[in-house]
Each structure stands twice: as structure tokens, then as C-alpha cells.
Amino acid sequence: MREETCIFCKIANGDIPAATIYEDEQFRVILDLGPASKGHALILPKNHFADLLALDEETSAKVLALAAKIGAAMKKSLGCAGFNLVQNNGEAAGQTVFHFHMHVIPRYEGGPKMVSWEPGAPSGEELAELAESIKKELA
Ligand code: AMP
Ligand code: ZN
């Protein structure tokens, strides 16, 4: 399940070298070449999935546990105070490489502000309408 032209397929399967911090049968975890902070890592499945919607259940069940393991190792090795998990789906969401990946971004005391937004102020009615519309698709 590889895609010929996909750079993350090549990296995950060892065809292109990358700074690897973890590898098992299903995943490779590498350091991001354009890190948001020191130690920023990417969890890559070895099989090709374009995004979260394409991910199979077995792989998706393992990703979060692996992210926790990586985050815990970062806290010990890098001394970061916390970490963010970021996972972009679709161009509008900022996805630039269309092979599923989970960012694990170490956060340091006094470090740069990121993964933030200006909170909106929807009315109770708006929230209820939105909730109904999403709930319908989940039923
Ligand atoms: P996204 O915007 O969620 O698709 O994230 C893609 C990430 O992959 C960015 O943070 C890039 O810096 C990173 N990236 C792209 N190419 C490489 C590469 N060859 N090795 C390591 N990281 C990469
Ligand atoms: Zn791929």
C-alpha cells in the first residue's frame, strides 16, 4: 500500500533517509525538517493513507498511544514542559503532504505561542443549530 510519488511513503519505508527517532513494523517517527519547535516529530504510517478519513481502524487505534510514548520521551529527553498533537486534514486545514501524519510538537516554558485561535462568540441558538446539523451525519 505505497504510492509511487509520495515522499512520506519513501521516508517511512526507508528509501529516503530521515532523522528517525522510532520505528516498528507499521510506523516510522522522524524529526520534521521545518520544526515549529526543537524536537518537532512526525508519526508516519508505513502504508499510504491520504489523511485521517482514509486511515484504517487498526492503524488509527495505534497512533494515539504512539504519540503518548513519543511525547513522554520528549519530556524526559528535551525537558519540554508539554507537547501538542496536530494532525491536518485537507488543504484548507493546512495539510501540505497528503500522506497521513501526526505532528508531535514539544512545548517549552516561555516558548513561542502557537496552535491558538481567537475564540468566537456563537449564540446558544447557533450552537444548537450546528450541533443538530453535525449530529444528523453521525446518526
Ligand atoms: P502538514 O502541513 O501537516 O502536511 O505537514 C507537513 C510537514 O512535513 C511540515 O511540517 C514539513 O516541514 C514536513 N516535511 C516535509 N517534507 C519533509 C521531509 N522530507 N522530511 C521531514 N519533514 C518534512
Ligand atoms: Zn504515502
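Scroll up a little and you will see the structure.
It should be emphasised that the depicted structure is a prediction, and the values quoted were computed from it without experimental measurement. (Residues numbered from 1 in each chain as written. Chains lettered and ligands numbered in written order. Predicted model: local features only at pLDDT ≥ 70, side-chain atom pairs only at ≥ 80, totals over all residues. Heavy atoms only, no water.)

Novice: Can you lay out the overall build of the protein chain for me, pointing to particular residues and giving the numbers?
Specialist: Across its full length, the protein chain holds three helices and five strands. Scanning the protein chain from its N terminus toward the C terminus, one meets helices and strands in the order α-β-β-β-α-β-β-α. In terms of its C-alpha atoms, the protein chain occupies a principal-axis envelope of roughly 50 × 40 × 25 Å. Looking at the protein chain residue by residue over its 139 residues, the buried ones come to 32%. Counted over contacts in the protein chain with a minimum sequence separation of 6, partners at least 24 positions apart contribute 53%. For the protein chain, the accessible surface area stands at approximately 9000 Å², while carbon and sulfur atoms represent 57% of it. In the protein chain, 13 side chains carry a positive charge and 19 a negative one; their mean positions are 10 Å apart. (Helix = DSSP H or I, 4+ residues; strand = E, 2+ residues; numbered from the N terminus. Buried < 20%, exposed > 50% of the residue type's maximum accessible area, 1.4 Å probe, protein only. Contact = heavy atoms within 4.5 Å. Areas by Shrake-Rupley, 256 points an atom, 1.4 Å probe, with all protein chains shown as cover. Lys, Arg positive; Asp, Glu negative; His and termini not counted. Charge placed at Lys NZ, Arg CZ, Asp CG, Glu CD.)

Novice: Can you explain the coordination of the zinc ion (ligand 2)? Please cite residues and give values.
Specialist: Looking at the metal site, the zinc ion (ligand 2) is ligated by C6 (SG), C9 (SG), H48 (ND1) and H99 (ND1), spaced 2.0 to 2.3 Å from it. Considering all four donor atoms around the zinc ion (ligand 2), angles at the metal cover 105 to 115° and the coordination shape is tetrahedral. If you list the donors of the zinc ion (ligand 2) from N- to C-terminus, the spacing comes out as C-x2-C-x38-H-x50-H. In this pair, C9 sits in helix α1 (residues 7–12) while H48 sits in the loop between β3 (41–45) and α2 (57–78), placing the two residues 39 residues apart along the sequence. The pair C9 / H48 is uniform in exposure class, with both members buried. (Donors = N, O, S within 2.8 Å, 3.2 Å for Na, K, Ca; no water. Tetrahedral: all angles 85-135°; square planar, octahedral: opposite > 155°, others 65-115°.)

Novice: I'd like a description of a nonpolar patch on the surface, backed by residues and values.
Specialist: A cluster of nonpolar side chains, namely L64, F83 and L85, defines an oily patch on the protein surface of about 250 Å² accessible area. Take F83: its relative accessible area is 31%, and that puts it in the partly exposed class. (Patch = residues over 30% accessible without salt bridge, like charges linked within 9 Å, V, L, I, M, F, W, Y side chains within 5 Å. Salt bridge = Lys/Arg side-chain N within 4 Å of Asp/Glu carboxyl O.)

Novice: Please set out the site of ligand 1 residue by residue, giving values where relevant.
Specialist: The environment of ligand 1 is made up of 16 residues, and the closest members are D32, G94, T96, H101 and H103. For ligand 1, a nitrogen atom lies 3.2 Å from a polar atom in the backbone of L33. Interatomic distance of 2.8 Å between a side-chain N/O atom of H103 and an oxygen atom of ligand 1. Look at ligand 1: alone it shows 510 Å² of surface, and the protein chains cover 80% of it. Only α1 and β2 (27–31) provide two or more residues apiece to the shell around ligand 1. (Near = heavy atom within 4 Å. Polar contact = N/O pair within 3.5 Å; in protein donor to acceptor, adjacent residues only side chain to side chain.)

Novice: Please provide a residue-by-residue account of the pairing of strand β1 (residues 20–23), values included.
Specialist: Here three bridges tie β1 to β2, and the two strands are oriented antiparallel to one another. Residue pairing in the sheet places E23 in a bridge with R28 of β2. Linking β1 to β2, which pair antiparallel, is a turn of three residues. (Pairing = 2+ DSSP bridges.)

Novice: Describe the environment of C9, with residues and values.
Specialist: Judged by its relative accessible area of 1%, C9 is buried. It is 31 Å that separates the C-alpha atoms of C9 and K113, two residues lying 104 residues apart in sequence. With near-sequence residues (within four places) excluded, C9 lies in contact with R2, E3, H48 and H99.

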